[in-house]
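The residues making up each chain are set out below.
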Amino acid sequence: FWAWSLGHIDLSECWSYDETLRTIRKSMRRLKRGEWLVGRGWFRDGWENPAWPHKKDLDKIAPNHPAVMMNRDQHAIWVNSKALKMAGITADTPDPKGGEIVRDPSGEPTGILKDTAAQPVYKRMKSPTGKRAMELLKNAVDHAHALGITGVASFDSIDGFKKVQEFHRKYGLGLRLNQYIPSAHLNDLLSLGIQSGLGDRFLRIAGVKYFADGALGSQTALMFKPYKGSKSNYGLEIYDQDELNAEIKKCNKAGLNVAIHAIGDRANNIALNAIIKAQGRSVRRFRNRIEHCQLLMKEDIERFGKNNIVGSVQPVQMPLDIDMIEKYWGRRGRYSYALKSLLDNGTTLAFGSDAPIEPPNPLLNIYLAVSRHPRNFSKPFYSSEKISIEQALFAQTYGGAFSVEQEMLYGSIKIGHFADIVILDKDLHCVAPDQIPDLEVLGTLLEGEFVYGKDRFNNW
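Bear in mind the structure is a predicted one, so any value in this text is a computation, not a measurement.

A. Representation of the state of the cysteines. Under the defined criterion, the tally for this structure stands at 0 disulfides. The thiol sulfur of Cys293 is not disulfide-bonded, and the nearest other cysteine sulfur, from Cys251, lies at 19 Å. A residue is classified by how much of its surface remains accessible, and Cys293, at 2% relative accessible area, is buried.

Shown next, in the form of structure tokens:
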């Protein structure tokens, strides 16, 4: 999906609704007849007037094309009337479990679909195929190499996974990709007896992906207490505790690790409960992980390490979240991005970006984990949760490999490990934290061979 997103309209730098509409309008010129108009990255809380967008404005721009604009966290989409019609969504369509069709006072859909309510639209969208799909994947792999990335965990759709397999078969992937299969396909995995680890050293099935809640920006992250300014909004519950317990138990019993998306404190609590119950006493047999673990209760922090549950965190998302944390969570935000607290309690952290939600730049992750001070903010965000450069590097390298059970093959420079190496223009240990984002990747090696920057090292 990240590869496909490189061709989407980028709305992440639009700081008003009008600017967003102007940017979308300019992109209409490139569309062919019947083609979908697709954008990403709009950020309502960053606009001058943070009102929800409406389908009527997309209808004016693209009356004859289905249009879908994904918000920054991709837990809400904004679509036009044609897309709603193609998806079969009307005033009579009930809200699905774990989702919401936002409506006006008359009950008519406004064009905002949250979480699972967006699925009918996604099913009708046509992703790139054939030569164009291969070109986008090649561009994405090259871009990753230029950032010093040699391996990723992917939570792509089955359609995307098929295209990655095709690319790997034809050209060789050139990137270590560990795929988590969407939970909707669990029964397919079970019927075939597939377990975590199936594949080769470049393309593997790592486990199954679940969602325990939505996101902060769309106010669908699942909370123990209501969002500030609301008496009744606790977020969206995708599974209740018993349902998630049963799902995770099926996975682990079949030899499949899980990755559970959890943003809110209640979602993280439910996810931890389900994993701990499924693992039983065999905590070292599994490599289960929680994606984001963004807001935690203090008493839940200690449960990660003692139960060998990986904390998969994205410090790069901190800059755009800070204002929303203070706005919607208030003082509860003390244990948001609780990196040091998690490490102090024995948690293995694995850093990522959730691309295309944020740029997949490892240096930004390291900088924000060490400083917790986005450049456009006057002070650090809960500076007591800063971690050291060594700890941040560990999470960005070894932690990622550990999270997919590959730490004995890569993720650190050791005899017998694959030589996946990144060369920077300066030593991370010898620069001030605020200089880290400006460092340059000079070269990237995969298994000892240059995949980026070879021309700089012709004499090696």
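Here the narrative resumes.
B. Inspection of the sheet that holds strand β15 (residues 441-446) at higher detail. One open sheet accounts for 3 strands, arranged β14-β15-β16; its pairing is antiparallel. Each edge of the open sheet carries a strand with a single partner, namely β14 (421-424) and β16 (449-452). Strand-to-strand twist in this sheet, taken as the mean axis angle between neighbours without regard to direction, amounts to 30°. Strand direction decides the pairing type here: β14 and β15, joined by 4 bridges, are antiparallel. Bridge pairing in β15 links Leu424 to Val441.

C. Molecular detail of the nonpolar core. Counting residues in hydrophobic clusters, the biggest one holds 103 residues, and the most contacted among them are Leu113, Val121, Tyr210 and Trp329. In terms of nonpolar packing, the next biggest core, distinct from the first, is built from 18 residues, Leu21, Trp47, Met69 and Trp78 among them.

D. Here's a closer look at a positive patch on the surface. Together, Arg22, Arg25, Lys26 and Arg29 give the surface a local cluster of positive charge. By relative accessible area, which is 45% here, Arg25 ends up partly exposed.

E. Structural view of the packing of aromatic side chains. Scanning all chains against the criterion turns up 13 aromatic pairs. With centroids separated by 6.1 Å and ring planes inclined at 25°, the aromatic side chains of Tyr398 and Phe402 adopt a geometry described as stacked. Here Tyr398 and its partner Phe402 are both found in helix α16 (residues 398-403), 4 residues apart, which amounts to about one turn of the helix. Assigned by exposure class, Tyr398 and Phe402 land together as buried. Of note, Arg44 hangs over the ring of Trp52, and the distance from its end group to the ring centre comes to 4.0 Å. In this structure, Arg287 packs its charged tip against the face of Phe402, placed 3.8 Å from the ring centre.

F. View of helix α15 (residues 389-396). If you check which residues of α15 are buried, you get Ile389, Ala392 and Ala395. Along the long axis of α15, the arc covered by the buried residues comes to 125°, so they all point the same way. In this structure, the buried side of α15 is in contact with β13 (349-351), α14 (362-371) and α16.

G. Quick peek at the side chain of His65. Positionally, His65 belongs in the loop between α3 (55-61) and β3 (67-71). On the accessibility criterion, His65 (12% relative accessible area) is buried. One polar contact links the side chain of His65 to the main-chain carbonyl oxygen of Glu35, over a distance of 2.8 Å. What His65 contacts, discounting residues up to four positions off in sequence, is Met28, Leu31, Lys32, Arg33, Gly34, Glu35, Asn80 and Lys82.

H. Spotlight on the sheet that holds strand β6 (residues 109-115). Pairing is mixed in the open sheet, where 6 strands are placed in the order β1-β2-β3-β4-β6-β5. Both outer strands of the open sheet, β1 (9-10) and β5 (99-103), are each paired with one neighbouring strand and no more. Inspection of the sheet shows β5 paired to β6 by 4 bridges, in the antiparallel sense. Bridge pairing in β6 places Gly99 opposite Asp115.

I. Geometry of the side chain of Asn365. In this structure, Asn365 sits in helix α14. For Asn365, a relative accessible area of 2% translates into the label buried. Of the polar contacts made by the side chain of Asn365, one reaches the side chain of Gln396; its length is 3.3 Å. Residues contacting Asn365, with those up to four places away along its chain left out, are Gln314, Pro315, Val316, Phe351, Gly352, Ser353 and Gln396.

J. Representation of the pattern of salt bridges in the model. In the structure shown here, the tally under the stated rule is 24 salt bridges. When the shortest N-O distance is used, the salt bridge between Arg287 and Glu407 registers 3.2 Å. Here Arg287, found in the loop between α10 (265-279) and β11 (289-292), pairs with Glu407, found in the loop between α16 and β14; they are 120 residues apart in sequence, far enough to count as distant. Residues Arg287 and Glu407 agree in their burial class; the two are buried. Taken together, the shared-partner salt bridges connect Arg176, Arg201, Asp420 and Glu447 into one network.

K. Structural view of unusual backbone geometry. The omega torsion of the bond from Ala355 to Pro356 falls at 15°, within 30 degrees of zero and hence cis. Residue placement: Pro356 occurs in the loop between β13 and α14. One non-glycine residue, Asp354, adopts positive backbone phi at about 65°. Judged by relative accessible area, Asp354 falls into the partly exposed class, the value being 26%. The phi dihedral of Arg372 falls on the positive side, at around 50°, and the residue is not glycine. Within the secondary structure layout, Arg372 lies in the loop between α14 and α15.

L. How the structure looks around the packing of helix α6 (residues 130-146) against helix α7 (residues 158-171). Between α6 and α7, whose axes approach to 10 Å, the crossing angle comes to 80°. By the angle between their directions, the pair α6 and α7 is classed as roughly perpendicular. Touching Ala133, Met134, Leu137, Lys138 and Val141 of α6 are Lys163, Val164, Glu166, Phe167 and Tyr171, all from α7. Tallied by class, the residues present in the contact of α6 with α7 amount to 7 nonpolar, no polar and 3 charged.

M. Structural detail: the packing of α10 against helix α11 (residues 298-306). Relative orientation of the contacting elements α10 and α11 amounts to 35°, with a least axis distance of 11 Å. Handedness of the α10/α11 crossing: left-handed. Between α10 and α11, the contacting residues are Asp265, Asn268, Asn269, Leu272, Asn273 and Ile276 on the first element and Asp300, Arg303 and Phe304 on the second. Among the residues forming the contact of α10 with α11, the class breakdown is 3 nonpolar, 3 polar and 3 charged.

The rules behind these values
- Residues numbered from 1 in each chain as written.
- Predicted model: local features only at pLDDT ≥ 70, side-chain atom pairs only at ≥ 80, totals over all residues.
- Heavy atoms only, no water.
- Disulfide = S-S within 2.5 Å.
- Buried < 20%, exposed > 50% of the residue type's maximum accessible area, 1.4 Å probe, protein only.
- Pairing = 2+ DSSP bridges.
- Helix = DSSP H or I, 4+ residues; strand = E, 2+ residues; numbered from the N terminus.
- Axes fitted to C-alpha atoms, helices over the stretch in contact; angles between N-to-C directions.
- Core = buried A, V, L, I, M, F, W, Y, C linked by side-chain atoms within 4.5 Å.
- Patch = residues over 30% accessible without salt bridge, like charges linked within 9 Å, V, L, I, M, F, W, Y side chains within 5 Å.
- Areas by Shrake-Rupley, 256 points an atom, 1.4 Å probe, with all protein chains shown as cover.
- Salt bridge = Lys/Arg side-chain N within 4 Å of Asp/Glu carboxyl O.
- Lys, Arg positive; Asp, Glu negative; His and termini not counted.
- Charge placed at Lys NZ, Arg CZ, Asp CG, Glu CD.
- Phe/Tyr/Trp six-rings, centres within 6.5 Å; stacked < 30°, edge-to-face > 60°.
- Lys NZ or Arg CZ within 6 Å of the ring centre and 35° of its normal.
- Arc of directions from axis to C-beta.
- Contact = heavy atoms within 4.5 Å.
- Polar contact = N/O pair within 3.5 Å; in protein donor to acceptor, adjacent residues only side chain to side chain.
- Parallel < 35°, antiparallel > 145°, perpendicular 65-115°, else oblique.
- Nonpolar A, V, L, I, M, F, W, Y, C, P; charged D, E, K, R; others polar.
- Left-handed = near helix turned anticlockwise from the far one by under 90°.

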